[in-house]
Amino acid sequence: MADVRLERDFDVSVETLYRFVTGSQELVQWFGPEGVTVPENDLDFTRTGPWYAVMVNVDGHVAKVSGQVTHVDPPHSVGFTWAWHDEDDQRDAESHVTLTVAPTESGARLMVDHRDLTQAEVAESHREGWNSSLACLAKVVR
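For clarity, every value in this text was computed on a predicted model and none was experimentally measured.

Undergrad: Any chance you could break down the overall build of the protein for me, citing the residues and the numbers?
TA: Of regular secondary structure, the protein possesses three helices and seven strands. For the protein, the succession of helices and strands along the chain, N to C, is β-α-α-β-β-β-β-β-β-α. What you see for the protein is a C-alpha radius of gyration of 14 Å, in line with the 14 Å of a compact globule of 142 residues. The 142 residues of the protein split such that 46% are buried. If the 11 positive side-chain charges of the protein are averaged to one point and the 24 negative ones to another, these points end up 5 Å apart.

Undergrad: Residues and numbers for the side chain of Ser133, please.
TA: The topology assignment puts Ser133 in helix α3 (residues 120-140). Dropping the residues within four chain positions of it, Ser133 is found in contact with Trp30, Gly32 and Pro33.

Undergrad: Report on the pairing of strand β4 (residues 62-73), specifying residues and quantitative values.
TA: Of the strand pairs in this sheet, strand β3 (residues 49-56) and β4 are connected by eight bridges, and their pairing is antiparallel. For Gly49, the partnering residue across the bridge sits in β4 and is Val69. Linkage of β3 to β4, two consecutive antiparallel strands, is achieved through a turn of five residues, within which Gly60 is found at a positive phi near 90°. Examined bridge by bridge, β4 and strand β5 (residues 77-84) share six bridges and lie antiparallel to one another. If you follow Ser66 over to β5, its bridge partner there is Ala83.

Here is what the cut-offs are and how they apply
Residues numbered from 1 in each chain as written. Predicted model: local features only at pLDDT ≥ 70, side-chain atom pairs only at ≥ 80, totals over all residues. Heavy atoms only, no water. Helix = DSSP H or I, 4+ residues; strand = E, 2+ residues; numbered from the N terminus. Rg over C-alpha atoms; globule rule 2.2 N^0.38 Å. Buried < 20%, exposed > 50% of the residue type's maximum accessible area, 1.4 Å probe, protein only. Lys, Arg positive; Asp, Glu negative; His and termini not counted. Charge placed at Lys NZ, Arg CZ, Asp CG, Glu CD. Contact = heavy atoms within 4.5 Å. Pairing = 2+ DSSP bridges.

What follows is the structure in structure tokens.
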């Protein structure tokens, strides 16, 4: 198993950053790598239960990911399972993501902890995806 851990600082309050990583209206603005849209989703990390997102890249490639929100601790953290779907809409190996928000001297820090990925190559692909998603978040959080 492999893990991804990332940190990014933002010049906003903890409450604002937490809203952007949990609220459905905010999540669709940045959830997914640069150039990806999320036209179909049930992105709501403010409550436990199921979630999913259909992502479409600039070439029209469609990818679906889903899971269960496992914990919600406002304004500190949210956790959820994560599994990509194959072409038959069957879920692949499940991993777990925790997004943690903490105060800094100038705003708030987001820590992404994506655990239990199946291999190093998969972890590297998710690292690239999360880094790109965090770049999207930096453009919209206010």
